[in-house]
Amino acid sequence: MRTYSLQDVYATRKRRDSWWTVYFVDPVACRAALLVANRTRITPNALTVFSLVLGMVSAVCFAMNRLPAGATMFYLSFMIDCVDGKIARLKGTGTPFGLWLDYVGDRVRVVCCAAGLAYGQFAITGELAYILLGAAVAVLDLFRYVNAPQMKRVREVIREAQLEAQMGTGLDPVPPPVTERAVPAAPKQRSFFRRLNRLLARHRVRSHVISGIEFHAAVFVIAPLVGVAALIPVSSVASVLLLVNEIFLVHRLWVFTRKHGVPSSQESREHVLV
């Protein structure tokens, strides 16, 4: 059996990732992946299932008002969820079913932990705010995961229509993508954001201040570790920031469709709308 090095594991990391993963999860996950790869025959799917089990333990801890234990279990669940992808890329053992299992497992974990957190606090205090908090967290997370693939699908359909138009398939001509040079912007401002983006890219950090991963970390790790008093304030701020981020992404999609047009064939339009 091949012996892997830590550098081999580092090569499996995503080119850019959330800052929470880069700084607070990957340092642990990479070493755990190295141990799993060299000392065991555990498959990525088995790790995904183990991650889901830890997520269910986290939900039970939250429901029993064991907030620090719940936060710890949630962190470990997410860390193992990162390990399974690294093992799949490292050994080339990923499967389409594994992608589905990972995707569904993440959603189940978040919904159950949100329900456990809400139930645990409502049972003690009787305050409806915790039920509303749990519902808001679950709905926001589900919306984010429904919205992301749909936005990607719209972009892909428009790009396919552009390619078909260039190949002379009978579609109306589609203007080429607008380059950064053609976009009017203040030079200093443009230069600042470019430098900032390059700096973040050198550290593998995405430019989003808060994504779903930071949202989960705030609600299920940071707030429970700080204490009961932080649950509603921290979760509310994280929810608002995530919603603002999603609105910003939708706005960028709208700008993209305005710049590059909508597929002119009826078939392509149905592809976008279905």
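Residues numbered from 1 in each chain as written. Predicted model: local features only at pLDDT ≥ 70, side-chain atom pairs only at ≥ 80, totals over all residues. Heavy atoms only, no water.

**Points about the overall build of the protein chain**
Then, number 1: On a plain count of helices and strands, the protein chain comes out with 10 helices and 0 strands.
Then, number 2: N-terminal to C-terminal, the α/β element order of the protein chain is α-α-α-α-α-α-α-α-α-α.
Then, number 3: Taken over 274 residues, the protein chain has a buried fraction of 39%.
Then, number 4: Once local pairs closer than 6 in sequence are excluded, the contacts in the protein chain between residues at least 24 apart make up 80%. (Helix = DSSP H or I, 4+ residues; strand = E, 2+ residues; numbered from the N terminus. Buried < 20%, exposed > 50% of the residue type's maximum accessible area, 1.4 Å probe, protein only. Contact = heavy atoms within 4.5 Å.)

**Considerations on the nonpolar core**
Then, number 1: Formed by 42 residues in total, the largest nonpolar core has its most connected members in F215 and F220.
Then, number 2: Breaking this core down by element, the ones donating at least two residues are α2 (19-39), α3 (44-63), α4 (67-91), α5 (96-125), α6 (128-166), α8 (212-226) and α9 (228-260).
Then, number 3: Once you skip the residues sitting within four places of it in the chain, F220 turns out to touch F62, G70, A71, F74, V110, C113, A114, L117 and V137.
Then, number 4: In terms of nonpolar packing, the next biggest core, distinct from the first, is built from 6 residues, V154, I158, L249 and F256 among them. (Core = buried A, V, L, I, M, F, W, Y, C linked by side-chain atoms within 4.5 Å.)

**What about the confidence of the model for the protein chain?**
Then, number 1: Averaged over all residues, the pLDDT of the protein chain equals 86, while 86% of them reach at least 70.
Then, number 2: Across the protein chain, the element-wise mean pLDDT spans from 48 in helix α10 (residues 266-273) up to 97 in α3.
Then, number 3: Here residues 178-186 is a poorly scored stretch, pLDDT under 50, and it has 8 contacts once near neighbours within four places are set aside; other chains count.
Then, number 4: Under a pLDDT of 50 for its full length, residues 264-269 has, in the predicted model, 7 contacts with residues more than four places off or in other chains. (pLDDT = per-residue confidence, 0-100.)

**What to know about the packing of aromatic side chains**
Then, number 1: A complete count under the given rule lists 7 aromatic pairs for this structure.
Then, number 2: Three or more aromatic residues joined by ring pairs make a cluster, and in this case those are W19, W20 and F24.
Then, number 3: Cation over ring: R109 sits above F74, and NZ or CZ is 5.5 Å from the ring centre. (Phe/Tyr/Trp six-rings, centres within 6.5 Å; stacked < 30°, edge-to-face > 60°. Lys NZ or Arg CZ within 6 Å of the ring centre and 35° of its normal.)

**Quick word on the pattern of salt bridges**
Then, number 1: Summed over the entire model, instances satisfying the criterion amount to 7 salt bridges.
Then, number 2: Note that D106 is salt-bridged to R109, the shortest N-O span being 3.0 Å. Taken together, the positions of D106 and R109, both in helix α5 and 3 residues apart, correspond to about one turn of that helix. Each member of the pair, D106 together with R109, is buried.
Then, number 3: Here R107 and D141 are joined by a salt bridge, their closest N and O atoms 3.0 Å apart. A residue pair is termed long-range when its members are at least 10 positions apart, and R107 in helix α5 and D141 in helix α6 qualify at 34 residues. In this structure, R107 and D141 share a single accessibility class: buried. (Salt bridge = Lys/Arg side-chain N within 4 Å of Asp/Glu carboxyl O.)

**Section: the packing of α5 against α6**
Then, number 1: One can describe the packing of α5 onto α6 by two numbers: an axis separation of 7 Å at closest approach and a directional angle of 170°. The orientation of α5 with respect to α6, classified from their angle, is roughly antiparallel. Residues Y103, D106, R107, V110, V111, A114, A118, Q121, F122 and T125 of α5 pack against L128, Y130, I131, G134, V137, A138, D141, L142, R144 and Y145 of α6. (Axes fitted to C-alpha atoms, helices over the stretch in contact; angles between N-to-C directions. Parallel < 35°, antiparallel > 145°, perpendicular 65-115°, else oblique.)

**Side note on α8**
Then, number 1: Under the 1.5 Å per step criterion, the end-to-end length of α8 is 20 Å for 15 residues, consistent within 8% with the ideal 21 Å.
Then, number 2: Maximum bend of α8: about 40°, positioned at A218.
Then, number 3: Counting buried residues in α8 gives 12 out of 15 residues, a clear majority hidden from the surface.
Then, number 4: Where α8 is concerned, the buried positions are G212, I213, E214, F215, H216, A217, A218, V219, F220, V221, A223 and P224.
Then, number 5: On its buried face, α8 sits against α2, α3, α4, α5, α6 and α9. (Expected span 1.5 Å × (residues − 1). Bend = angle between axes of the 7 residues up to and from the residue.)

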